[in-house]
Structure formats: C-alpha cells, structure tokens
Amino acid sequence: MHRAIRTAAAAAGRALSSARAAPPPPRGPRAPCWGATRWLCSGREALSYDVVIVGAGPAGLAAAIRLKQLCRAADTDLSVCVLEKGSEVGAHVLSGNVFEPRALDELIPKWRQEDAPIRVPVSSDKFWLLTKNRAWTLPSPFDNKGNYVISLSQLVRWMATKAEELGVEVYPGFAASEILYDENQIVTGVATNDVGIAKDGTKRETFQPGVELRGRITLLAEGCRGSLSEKIIRNHKLRERGQGQHQTYALGIKEVWEIEEGKHEPGSVIHTVGWPLDKKTYGGSFLYHLDDRQLAIGLVVALNYRNPFLSPYDEFQKFKQHPAVRKLLEGGTAVQYGARTLNEGGFQSIPYPVFAGGAIIGCSAGFLNVPKIKGTHTAMKSGMLAAEATFKALIEGSSMELYWDNLKKSWIWEELHKARNYRPAFEYGFFPGMGLSALERYIFKGRSPYTFKHGKPDHEATDVANLHMPIQYPKPDGQITFDVPTSLYRSNTNHEHDQPPHLRLRDPMIPESVNLPVYAAPESRYCPARVYEYVSDEKGDPKLQINAQNCLHCKACDIKDPKQNIEWTVPEGGGGPGYTVM
C-alpha cells in the first residue's frame, strides 16, 4: 500500500509539474467531498481528504470505520485516510492484552461471525503478591468475565481490513512528522518526513520528498506520547483546558513465549504485584495464556521511580527467575520481545481533546483504566465518539466541541472517574497504596468524595545518584533471561542507518555535565533497547553515544530524562519494531 501512494504521488507530480499549483479546496462544514484531490504545494505532493487520521491503532481504525458506517447510513461519502508509521499495520502495536469487547460490540456487533482474531476467553483470573521465593494468592481485584486474551497487533490488522472494505485508504510506512496550519492557525493536516536523506543532511539516490495529507478534519491517534499530539497539547495548552494535571507514565516490557503443552492453560490470566520492584516503585506483572501454546509475559514499571540505578529491562529479566514464573517458561522458547510506554494519569490527566481543525483520540489523550489495566476499549470508544462529531461537523456544520461534550457523557468518563484514585494512591508507597486501593474498590466503589493528585512529573521524580546504591543484576542465562541484543533481535527492529537521527538532544552538553555525574547516566538503564550508552572518546573521557537504530519507539527517553533533554521524533516511515503477535 505504501508503494501505491508513492506511485500515485509520483504520477500526480509529473502531471502537475508544468502547471501552476492549485489552491487548496475550500474549507468549511458544507464543502463538498474532496475525494483525494492531488496538487503540488511547496514542492511536495499534496493529497487532500475530508478526514486524515494519524495512527492505525485501535482508536484510529475505530474512528475510520465509524465514519464510513455513518456515511453508508446517510447515503453520503467522506474520503478518509489513515497514516501509519509502522512498516505494516500492527508492526508498532504492543499491549498485554486482556481485551474487553464493549466498544467492539458497538462498532462491529457481528465480529464473532467475521473471523476476528479474538478466540480465547478468559478462563481463570489470579492475583499474586510476590516475595523473592513465594507467590501468595490474594483476592483478585479484576473482573475479566466476558473478556478475551488477544494479540492487539493481530486485532488491528483485522480492523484495517474492515476499514479498507468500507473504503478507507490505509497507508502504512509513512511517518507524520509535521502539523500543517493555514493562515488562521487552523490545523489543515499533516506532512510526512522526507526519506532518503543521509545523516549529514545530503540527499541520497533514494531521496523522495514528503507528502502533505490535507484534511478538513485531522484526528491524532498516535498512541501514548505521540509526538504530534504532544506538540498540539503543549502549543494549544490543552492539558490546562482539560483536567489540568500532568500525565504520568509507565514502561511495559513484554515477551511472547511458546511453552510446553502440559503447562499451557488457554485463557488463564495472572497478575502480580510486589517483587522484584522495591516498595517505593509502582508496578506489576502479567502472564496471559493465549492459544497455540503461547504465553504473553510482561512487567510494567511506573516511570516515576526514584532510584536512577533501576533498570526496567533487568527487573523484567529478574522477574522471570521467580520460582513460580520460571517453571512455566522452562522448556519453552521466547519468540518475540517489545516495549512501550503507557499513560497512567487517568481521569486527572485528560487534556481538552479538541483543537481548531481536529481532535486527539485514544492513548494520545490518555484513556487507560489503570486498575483494570485496560485501555483498548476506551481508546476505540473515543475514536468512535470523535468520528461521530467529525461526521456532524462536516455534514451538518456542527462543532467538534461535540466530541468533548459526548466524551463527558460516555461510559469512558464514568469508568475513568470511578478509577481515578487507584494510581495516585501509590504515591504514598506500596502498602498504603494497596490499602487505599482496597478502600476505593470495596467500600467507596469509585464514589469517594475526594480525588487524589499525582506527584511530581516522572522526570522530576528521579533522585540524584548519591542517595542510592547501585543495583547488581544477575547475568542472563540465555535460556530464561537474555541480554538486550538477543531480545532486540526478537523485536524485528530495523531502521535505515544512514538517516538523520530521530533522537535529538536539546543541549548536547547535558549528558556529560549533568546526567552522568549527578544521576549516574540513567538513560543507559531506563531505555529497554540500550539506545543510550557512554563510551570513551580519544581522550578517555566518557561521551554519550546514541544507537538510534536500536529504538523500539517506546518513548521512555522522551518521558524519563531528568532534564527533558531528549526529544523523540519520527524516523523514516517503516522503521522501528516489527511486531506480529504482540
């Protein structure tokens, strides 16, 4: 599909090269369908649609499908395209995932008859408190009856086929790198980055200019910490207009294993808290039995942890050595590895999601229900609500404010409001957090008269190194635990080496002058791909080396760097991990 858009763009460019660039079609709620008009703008090919959606995850695809459903019901049409930076749909999608089908039931009621990759219902639900050598069974705070254990990357690929059947144009392999505005500072779409540029800025033989995707409405569905979404939130002060509090994040690290037949229990769900994390670090783990002897195993670590010597990757490897976990994995084979950050701010951190010319949907806005450990159903529902507001704006002339109004009336709002105090309760430590969470669940049932606030932003929570002792992690055994290069190989991560770095230092002096001497180089540990390492220069002095080709696109560096000195930007489209069963 990405070859198709390039071919079409090149053909259109040749046809228009000798003609004056046509002005953009008229804006306004009653403008006719643009129908993927092409024209040249500032030397770049421009394709125009009624709706441009950035991100082919559950939110973006749900929005696209809902838009086309509304068009069919009203016997009209709107042109819709979905832009995806992964090499294929699902390549960058990673989640647990115990799937709650509530939103999908609304979107595609007959999904059970349409061969959706949702086949393993939850069969058991266990909750463990881990100490170093024991697993204590606690009453499960989860209610997963009617839910399914799935691969989210497989689900979004199925959703993409449904979208294309309805007439949505899905373009994987294209990274949206720029927000387009008109003279009135109204968002008019996005532009993809130029490709075929060398590290030194020169154009290689493979150079192709970026493409402008113009839309009457632009929906940003980039996932957690989306780069364009963060710019919009910051520049338009959307968080201040919404709930007002900063977002807080966690890093999820996951593997998929094929385990021995006798150990496999399809639909078995286990969540754990406690060891190996210290009592001041919020987090937990999961073990989900899928079909075909597959086991999804992962560790989630809140990024407001204090100890700069903590390594989430090594904590995960350590977790797999727990006797109750190791016995499941022994004799099995690790088949895939990945990592991704997730929003944990919940209700208190929801930004105002509407801007002039579009809206932010899904995890870009942050609708994860932390105590449920679920965000796919809320992301999908937000996309559907935004689609309905978009349709009315384009066909009936109403305002996109309808998305915000309907969001506050929806079950998303009710669900996140009830869950609002679980995550900030753990600001007081593990055991107080467990106690307050129990009080919220069993006594107040989400209706407590108070709302906790989040603590410091994650980057400010990091202590200076002299307040902590270094952590000695065991060496990997190559059977249950692995070094980073081995894991990276299983993530199918690939980037074009000769391209401008997509990980940028705002101040190149800070790593050696601040991060290394004050915080003991935390970027060398919080990154689950060892993108950042200190090496000696010709004088023997340590210098930060950025191995951008290793990047899993998890965004941990953009979040956790103590001085917010690292800016994550999109690399060439198609680069990054290549997940298939995550």
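- As annotated in an unreviewed UniProt entry, the protein is Electron transfer flavoprotein-ubiquinone oxidoreductase from Urochloa decumbens.
- Its UniProt record gives the protein a comment under Subcellular location (unreviewed entry), which states: "Mitochondrion inner membrane".
- As recorded by UniProt, the Function (unreviewed entry) comment attached to the protein reads in full: "Accepts electrons from ETF and reduces ubiquinone."

Side note on the overall build of the protein
Item 1. Across its full length, the protein holds 17 helices and 25 strands.
Item 2. The C-alpha atoms of the protein give 23 Å as radius of gyration, which agrees with the globular expectation for 582 residues (25 Å, within 12%).
Item 3. Projected onto its principal axes, the C-alpha positions of the protein cover 70 × 60 × 45 Å.
Item 4. Counting every position in the protein, which comprises 582 residues, the buried fraction comes to 59%.

Focus on the UniProt feature "domain: ETF-QO/FixX C-terminal" (unreviewed entry) in the protein
Item 1. In the numbering used here, UniProt assigns the "domain: ETF-QO/FixX C-terminal" (unreviewed entry) feature to residues 478-580.
Item 2. Across residues 478-580 one finds 25% helix and 16% strand; the C-alpha atoms that close the span lie 23 Å apart.

Quick look at the sheet that holds strand E17 (residues 283-289)
Item 1. Strands sit in the order E7-E6-E16-E17-E18-E15-E19 across an open sheet of 7 strands; the sheet is mixed. The sheet terminates laterally at strand E7 (135-138) and strand E19 (333-343), the two strands that pair on one side only. Each adjacent strand pair in this sheet contributes to an overall mean axis angle of 20°, direction not counted.
Item 2. Examined bridge by bridge, strand E15 (residues 249-258) and strand E18 (residues 294-302) share 9 bridges and lie antiparallel to one another.

Details of the packing of aromatic side chains
Item 1. Scanning all chains against the criterion turns up 13 aromatic pairs.
Item 2. With centroids separated by 5.9 Å and ring planes inclined at 80°, the aromatic side chains of Phe127 and Phe142 adopt a geometry described as edge-to-face. Taken together, the residues span a long stretch of sequence, with Phe127 in strand E6 (residues 124-130) and Phe142 in the loop between E7 and strand E8 (148-149) at a distance of 15 residues.
Item 3. Seen in terms of ring centroids, Phe347 and Trp413 are 5.0 Å apart; in terms of plane orientation they differ by 70°. Their pairing is edge-to-face.

A few points about the nonpolar core
Item 1. Ile53, Leu61, Ile118, Met159, Leu213, Leu219 and Tyr403 are the most contacted members of the largest nonpolar core, which totals 86 residues.
Item 2. It is helix H9 (residues 376-395) that provides the largest number of residues to this core, a total of 10 residues.

Description of the side chain of Arg525
Item 1. Inspection of the secondary structure puts Arg525 in helix H16 (residues 523-526).
Item 2. In this structure, Arg525 is buried with no salt-bridge partner, the nearest side chain bearing the opposite charge being Glu523 at 6.8 Å.
Item 3. At 2.9 Å, the side chain of Arg525 and the backbone oxygen of Pro308 are in polar contact.
Item 4. Discounting residues that sit within four places of it in the chain, Arg525 has contacts with Pro308, Phe309, Leu310, Ser311, Pro312, Tyr519, Ala520 and Arg530.

So, the layout of surface pockets
Item 1. Taken as a whole, the largest pocket holds about 1,100 Å³ of empty space.
Item 2. Around the largest pocket, the lining is made up of 44 residues, and of these Pro141, Phe142, Pro371, Lys372 and Tyr422 lie nearest the centre.
Item 3. At the level of elements, strand E16 (268-274), E17, helix H11 (411-418), helix H12 (422-425) and helix H13 (430-444) are the ones that each hand at least two residues to the lining of the largest pocket.
Item 4. A breakdown of the residues in the lining of the largest pocket according to their chemical character gives 21 nonpolar, 10 polar and 13 charged.
Item 5. The calculated volume of the second largest pocket comes to roughly 600 Å³.
Item 6. For the second largest pocket, the lining is made up of 25 residues, of which Arg225, Glu230, Arg234, Tyr249 and Gln564 are closest to its centre.
Item 7. By residue number, the principal contributor to the lining of the second largest pocket is helix H5 (residues 227-235), which donates 5 residues.
Item 8. Grouping the constituent residues of the lining of the second largest pocket by class yields 6 nonpolar, 9 polar and 10 charged.

A closer look at a nonpolar patch on the surface
Item 1. Judged by side-chain polarity, Leu439, Tyr442 and Ile443 come together as a nonpolar surface patch covering roughly 290 Å² of accessible area.
Item 2. With respect to the helices, strands and loops of the structure, Tyr442 is situated in helix H13.
Item 3. Relative accessible area serves as the criterion here: at 43%, Tyr442 is assigned to the partly exposed category.

Overview of the sheet that holds strand E4 (residues 98-99)
Item 1. Read across the open sheet, the 3 strands follow the order E4-E8-E5; overall the sheet is antiparallel. The open sheet is flanked by E4 and strand E5 (120-121), the only strands paired with a single partner.
Item 2. Here 2 bridges tie E4 to E8, and the two strands are oriented antiparallel to one another. Bridge pairing links Phe99 to Tyr148 in E8.

Reading guide: rules and limits
- Residues numbered from 1 in each chain as written.
- Predicted model: local features only at pLDDT ≥ 70, side-chain atom pairs only at ≥ 80, totals over all residues.
- Heavy atoms only, no water.
- UniProt positions renumbered as here; feature names shortened; annotations may be inferred.
- Helix = DSSP H or I, 4+ residues; strand = E, 2+ residues; numbered from the N terminus.
- Rg over C-alpha atoms; globule rule 2.2 N^0.38 Å.
- Buried < 20%, exposed > 50% of the residue type's maximum accessible area, 1.4 Å probe, protein only.
- Pairing = 2+ DSSP bridges.
- Axes fitted to C-alpha atoms, helices over the stretch in contact; angles between N-to-C directions.
- Phe/Tyr/Trp six-rings, centres within 6.5 Å; stacked < 30°, edge-to-face > 60°.
- Core = buried A, V, L, I, M, F, W, Y, C linked by side-chain atoms within 4.5 Å.
- Lys, Arg positive; Asp, Glu negative; His and termini not counted.
- Salt bridge = Lys/Arg side-chain N within 4 Å of Asp/Glu carboxyl O.
- Polar contact = N/O pair within 3.5 Å; in protein donor to acceptor, adjacent residues only side chain to side chain.
- Contact = heavy atoms within 4.5 Å.
- 1 Å grid on protein atoms, 1.4 Å probe; cavity = no way out; pocket = protein on both sides within 12 Å on 5 of 7 lines; lining within 4 Å.
- Points joined across faces, edges and corners; volume = space filled by probe spheres on them.
- Nonpolar A, V, L, I, M, F, W, Y, C, P; charged D, E, K, R; others polar.
- Patch = residues over 30% accessible without salt bridge, like charges linked within 9 Å, V, L, I, M, F, W, Y side chains within 5 Å.
- Areas by Shrake-Rupley, 256 points an atom, 1.4 Å probe, with all protein chains shown as cover.

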